[in-house]
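Chain by chain, the residues run as shown.
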Amino acid sequence: MYQSEIGVYRMNFLEERILKDGIVKEGNVLKVDSFLNHQMDVALLDEIGKEFHRRFADLKITKVLTIEASGIAIAYAAARCFGVPMVFAKKAKSINIDGDMYTAEVESFTHKNKNQIIVSKKFLSKDDKVLIIDDFLANGCALQGLISITEAAGGSVEGIGIVIEKGFQFGGRSIRNLGYRLESLAIVDSMDAATKTIVFREQGT
C-alpha cells in the first residue's frame, strides 16, 4: 500500500510484483523480463488470466487475440479461463501459413521498428467476439493493428486487456477515446530511472 492525496491505496498483486522485481531504465523503459516477458512466472500468469476473466466475465468472448511474442503466454492464460481458442498475429510470413490473410502494419515502441502482422482468415470470422490481450501499452500501435485485423474479419472487439499500461504515453487515451473498453491491470503514471521509483494510477477495479 502507499499513501495518496485521497487516502491509502491498496496495490494489486501485479503492482506489488512490479515494485519488487521491475527495473526502470532510461528512456521510459520498464523491464519486467524476470517474471513476465522473458522468464515467466507461471503462477503469476495464472493470476493475470483469472483477473482478465473476472474483469470481462460479462462478455460473450469467442476468441482471444494477441501479437507475438510476449503476448502469447498471457493471452493463453486468459483464453484458458474463458474456455475459448487463442489466436496470435505473426510478425513474419512462413511457409506453413497458406491461404488468405488479414494484415496490418504496427510499430514497436520497444524495438523501434515496424512489422507487418498477419492472421490467417481461417481463424477469425464475422461471428467472433474478440478479447484483445497484450503485455504492454505505450503508443497503442500494436492494438490498432489487432483492432484493424479484427474489424477486417467482420468480428467485434468486445474488450482489450493490458497487463501494464504506460499512462504517461498517449496509447491508452487514444484507444479509450475511440470507444473501446480497455482494462489495464497496472497503469504506470510516472517512473524515474535515477530514483528507481514507479507511481501507479489508482484504479477502482
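Because the structure is a prediction, the values reported are computed rather than measured. (Residues numbered from 1 in each chain as written. Predicted model: local features only at pLDDT ≥ 70, side-chain atom pairs only at ≥ 80, totals over all residues. Heavy atoms only, no water.)

### Description of the overall build of the chain
In step 1: On a plain count of helices and strands, the chain comes out with five helices and 12 strands.
In step 2: Counting all 205 residues of the chain, 46% fall into the buried class.
In step 3: Long-range contacts, defined here as pairs at least 24 residues apart, represent 60% of the contacts in the chain between residues at least 6 apart. (Helix = DSSP H or I, 4+ residues; strand = E, 2+ residues; numbered from the N terminus. Buried < 20%, exposed > 50% of the residue type's maximum accessible area, 1.4 Å probe, protein only. Contact = heavy atoms within 4.5 Å.)

### Considerations on the pattern of salt bridges
In step 1: Enumeration over the complete set of coordinates arrives at 14 salt bridges.
In step 2: One salt bridge in this structure joins Asp41 and Arg17, with 2.7 Å as the shortest N-O distance. With Asp41 in the loop between β4 (29-31) and α2 (42-55) and Arg17 in helix α1 (residues 13-21), this pair connects stretches of sequence that are 24 residues apart.
In step 3: The residue Asp21 makes a salt bridge to Lys20 at a minimum N-O spacing of 3.4 Å. (Salt bridge = Lys/Arg side-chain N within 4 Å of Asp/Glu carboxyl O.)

### Digging into the side chain of Thr66
In step 1: Inspection of the secondary structure assignment puts Thr66 in strand β5 (residues 63-67).
In step 2: The class of Thr66 is buried, set by a relative accessible area of 0%.
In step 3: In this view, Thr66 contacts Gly71, Ile72, Ala75, Met86, Val87, Phe88, Ala89, Ile133, Asp134 and Leu146; residues no more than four positions away in its chain are not counted.

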